[in-house]
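Secondary and tertiary structure notes
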Amino acid sequence: MRHQVVIVGAGPAGLMLGRLLELAGIDAVILERKSADYVLGRIRAGVLEQGTVALMERARAGRRMNAEGLIHHGVELSFDGDSHRIDFSTLIDKQVMVYGQTEVTRDLMDIREGTTIYEAEDVDLHDFDGRPWVSYRKDGQTHRIDCDFIAGCDGYHGVARQSVPQQALTTFERVYPFGWLGVLVDKPPVADELIYAHHERGFALCSQRSKTRSRYYVQVPADEQAAAWSDDRFWDELRARLDPATAESLQTGPSIEKSVAPLRSFVAEPLRFGRLFLAGDAAHIVPPTGAKGLNLAMRDVAALADALIEHFTGRSAAGIDAYSAMVLGRIWKAERFSWWMTSLLHTFPETGAFGRRIQRAEFDYLTGSRAAQQSLAENYTGVVTWGDEGSSEALSRSRVA
Ligand code: FAS
Ligand code: PHB
């Protein structure tokens with residue numbers, strides 16, 4: 001069997017890459033280890049930058065997103081009960097969209113015309129320095145696919161990055177001493193916009209998926225087990241970390257999903273090895289505090305798709321030669337912002353009283369400086385990751401479609 005491109009991983013990055021390539025007439029097969037239902041069962045990101053919204057439009061997968069997505073013009077930050085709204089629209093005329101990663105993945109699955117092979121086991125990459133090919137097992141049979149390029153979109157634990165010889169790869173990592181315990185509940189959100197709360201008991205985030213479904217997180221020790229948290233214990237802890245008025249208006253109910261996500265910052269360099277490219281979580285991980293993970297993955301594959309399209313149609317290698325350096329510049333800016341938001345909003349007992357005073361001073365500087373708020377707004381809404389591709393025209397255009 002032969003395809004122009006083999007994509008490993010049918011998460012949002014792999015599916016988006018496959019869609020962009022097929023719209024350009026490029027034949028790409030996707031190999032996914034899990035079932036489609038399993039992939040859809042993962043509850044992850046919730047906020048789309050305008051660039052991601054525009055990319056869903058480019059993929060002609062934006063209809064349901066435009067109908068159901070919620071446009072948010074700002075977020076609220078609170079620090080020990082003091083609150084401040086960061087108004088994206090007033091500060092930089094940008095917005096974000098609240099639309100779950102699960103829905104993005106579902107929309108991309110539904111629109112895809114090319115082949116996705118689910119439950120492909122033991123995927124192995126071969127000769128990506130010369131004439132690449134991929135092997136995998138399915139229903140007890142071993143299969144081989146010859147190709148021109150391989151895209152590793154298989155996440156942090158995937159096979160693609162692990163197939164690269166150690167000496168060819170440099171990794172940078174910071175593992176945080178805590179995780180996020182997340183709960184999904186079919187109750188109306190506690191507020192119109194997201195609330196990021198710093199409290200001496202730990203960080204909390206009030207997010208949402210729709211007007212009737214909410215997503216909440218509390219910071220927990222890195223080795224915490226979701227099973228140790230009853231719903232009542234979670235709601236009590238969340239209330240304790242919110243300002244009294246918000247805590248009072250919180251509508252609670254039975255959790256429909258509860259899980260702990262570890263937090264780490266991670267980057268692999270470079271992101272190209274001959275005819276193998278890495279994109280998305282296979283290349284980098286950010287703590288979810290800055291809502292960057294999914295959006296950065298989408299930015300990677302937009303660049304990779306353009307580079308591969310230029311190779312196949314324009315007979316130029318300029319894009320594929322420039323891919324790694326170009327995306328790494330944006331990746332490190334998103335890593336910085338995600339680290340900064342995480343450092344500001346979480347408790348770090350090991351930094352002591354001095355560390356907490358510095359966090360308070362950071363919050364006070366932010367809330368007292370329009371320039372600092374504009375900087376946060378630029379980073380959060382993705383201006384830094386997308387440049388002018390993340391224009392408000394893109395978001396307003398998507399609302400028209
Ligand atoms: P993904 O990990 O989504 O997809 C990779 C795919 O490759 C998976 O389907 C996997 O099954 C498959 N795969 C792996 N190994 C394979 C192999 N050997 N062969 C074939 N297939 C293989 N980001 C946010 O912005 N906000 C959040 O709140 C947030 N929460 C998160 C919670 C968790 C638990 C995790 C792990 C991540 C979270 N993220 C969040 C980040 C997340 O949204 C990622 O950035 C996003 O899923 C990246 O998409 P992909 O790069 O496609 O990787
Ligand atoms: C979510 O809704 O899951 C979410 C929103 C914003 C974040 C992280 C997660 O920064």
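Refer to the structure printed above.
Heads up: these notes are all about the structure in this document. All of these numbers come straight from a predicted model, not from anything done at the bench.

Moving on: the sheet that holds strand 5 (residues 74-79). If you trace the 8 strands from one edge of the open sheet to the other, you get 6-5-13-14-15-12-16-19, paired in mixed fashion. Edge positions in the open sheet fall to strand 6 (82-87) and strand 19 (284-285), since each of these has one partner strand only. Alignment of strand 12 (residues 170-185) against strand 16 (residues 255-269), held across 13 bridges, turns out to be antiparallel. Residue pairing across strands places leucine 184 opposite glutamate 257, the latter belonging to strand 16. Taken strand by strand, helix 8 (residues 231-241) contacts strand 12, strand 13 (195-198), strand 14 (204-208), strand 15 (214-221) and strand 16, and its axis lies near 85° from that of strand 15.

By nearness alone, 15 residues border ligand 2, and Tyr196, Ser207, Arg209, Tyr217 and Pro288 come closest of all. Between ligand 2 and the protein, one listed contact pairs an oxygen atom with a backbone N or O atom of arginine 44 at 3.2 Å. Calculation on ligand 2 without its partners gives an accessible area of 280 Å², and the protein chains cover 97% of this total. When contributions to the shell around ligand 2 are tallied by element, the ones reaching two or more residues are strand 14 and strand 15.

What follows concerns the site of ligand 1. Taken together, 30 residues are adjacent to ligand 1, and Glu32, Arg42, Arg44, Gln101 and Asp281 come closest. Between an oxygen atom of ligand 1 and a main-chain N or O atom of leucine 294, the distance comes to 3.2 Å. Coverage of ligand 1 by the protein chains reaches 87% of its 990 Å² of free accessible surface. Of all the secondary-structure elements, those providing two or more residues to the shell around ligand 1 are helix 1 (12-23) and helix 10 (293-314). Broken down by element, the residue count for the shell around ligand 1 peaks at 3 residues, all from helix 10. Tallied by class, residues from the shell around ligand 1 come to 15 nonpolar, 7 polar and 8 charged.

The rules behind the values
Residues numbered from 1 in each chain as written. Chains lettered and ligands numbered in written order. Predicted model: local features only at pLDDT ≥ 70, side-chain atom pairs only at ≥ 80, totals over all residues. Heavy atoms only, no water. Pairing = 2+ DSSP bridges. Helix = DSSP H or I, 4+ residues; strand = E, 2+ residues; numbered from the N terminus. Contact = heavy atoms within 4.5 Å. Axes fitted to C-alpha atoms, helices over the stretch in contact; angles between N-to-C directions. Near = heavy atom within 4 Å. Polar contact = N/O pair within 3.5 Å; in protein donor to acceptor, adjacent residues only side chain to side chain. Areas by Shrake-Rupley, 256 points an atom, 1.4 Å probe, with all protein chains shown as cover. Nonpolar A, V, L, I, M, F, W, Y, C, P; charged D, E, K, R; others polar.

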